[in-house]
Amino acid sequence: MLSAYRHRPEIGIMRAMGAGRGFVIFVFLTQGALIGLMGGLTGAGLGNLALLPFPSRAAFVSGTLPLEIAQGSYGLAIILTVIGAIPASILTARPKARVDPVAAIGQ
């Protein structure tokens, strides 16, 4: 949402040069998907680093916490993050695509 507000003059310029509402939504959709992908990858990497000190299931000893890192849940977490970021970017982009070019450039 902050990205859409900060880029309001650029949105106005794109609209004044003939870019349609669909193109503005596509730009924000792509940006939201990339932000979601980078956030998912960063979170998965940091989560993996946080789990490294714990023993795996093969090395499980009574009184410790067994964790299975290779279950494929990292991929699912990344996919869900991207899927969550896309609707959020659409909800933000739709009102900004309707902005009046003259009012946006004059800000």
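Scroll up a little and you will see the structure.
Residue numbers here run from 1 along each chain, matching the order of that chain's written sequence. Selection of residues for local features in this predicted model requires a pLDDT of at least 70, selection of side-chain atom pairs for listing and counting requires 80 or more, and totals for whole chains, interfaces and linings are taken over all residues. Side-chain numbers here rest on the full set of heavy atoms in the structure, without hydrogens or water.

**A closer look at the overall build of the chain**
Piece 1. Along its length, the chain carries 5 helices and 0 strands.
Piece 2. Strands here are runs of E lasting at least two residues and helices are runs of H or I lasting at least four, both read from the DSSP assignment and numbered beginning at the N terminus. Along the chain direction, N to C, the helices and strands of the chain fall in the order α-α-α-α-α.
Piece 3. Every one of the 107 residues in the chain was classed for burial, and the buried ones make up 21%. Burial classification: accessible surface area is computed with a 1.4 Å probe over protein chains only, and a residue below 20% of its type maximum counts as buried, one above 50% as exposed, and the rest as partly exposed.

**Side note on helix H2 (residues 8-16)**
Piece 1. Taken residue by residue, H2 has Ile11, Gly12 and Arg15 as its buried positions. Looking straight down H2, one finds that the buried residues subtend no more than 100° of arc, so they occupy a single side.
Piece 2. Directly after H2, the chain includes Gly18, whose backbone phi takes a positive value near 105°. It is the directions from the helix axis to the C-beta atoms that the arc portrays.

**Some details on the side chain of Thr92**
Piece 1. Mapped onto the elements of the fold, Thr92 is located in helix H4 (residues 73-97).
Piece 2. With a relative accessible area of 19%, Thr92 lands in the buried category.
Piece 3. Nitrogen and oxygen atoms within 3.5 Å of one another constitute a polar contact, given that in protein one can donate a hydrogen and the other can accept it, and given that sequence-neighbouring residues count only through two side-chain atoms. Looking at Thr92, its side chain comes within polar contact range of the main-chain oxygen of Ala88, at 3.0 Å.

**Examining the packing of helix H3 (residues 21-51) against H4**
Piece 1. Note on geometry: axes are C-alpha line fits, over the in-contact stretch for helices, and angles between N-to-C directions span 0 to 180 degrees. As a packed pair, H3 and H4 sit with axes 7 Å apart at the nearest point and diverge in direction by 150°. Between H3 and H4, the angle is such that the two are roughly antiparallel. Seen from above, H3 lies across H4 with right-handed handedness.
Piece 2. Residue polarity follows a fixed list, in which Ala, Val, Leu, Ile, Met, Phe, Trp, Tyr, Cys and Pro are nonpolar, Asp, Glu, Lys and Arg are charged, and the others, Gly among them, are polar. Looking at the contact of H3 with H4 residue by residue, the class counts come to 17 nonpolar, 7 polar and 2 charged. With respect to orientation, any angle under 35 degrees is reported as roughly parallel, any angle over 145 as roughly antiparallel, any angle of 65 to 115 as roughly perpendicular, and every other angle as oblique. Less than a right angle of anticlockwise turn of the near helix away from the far helix marks a crossing as left-handed, whereas a clockwise turn marks it as right-handed.

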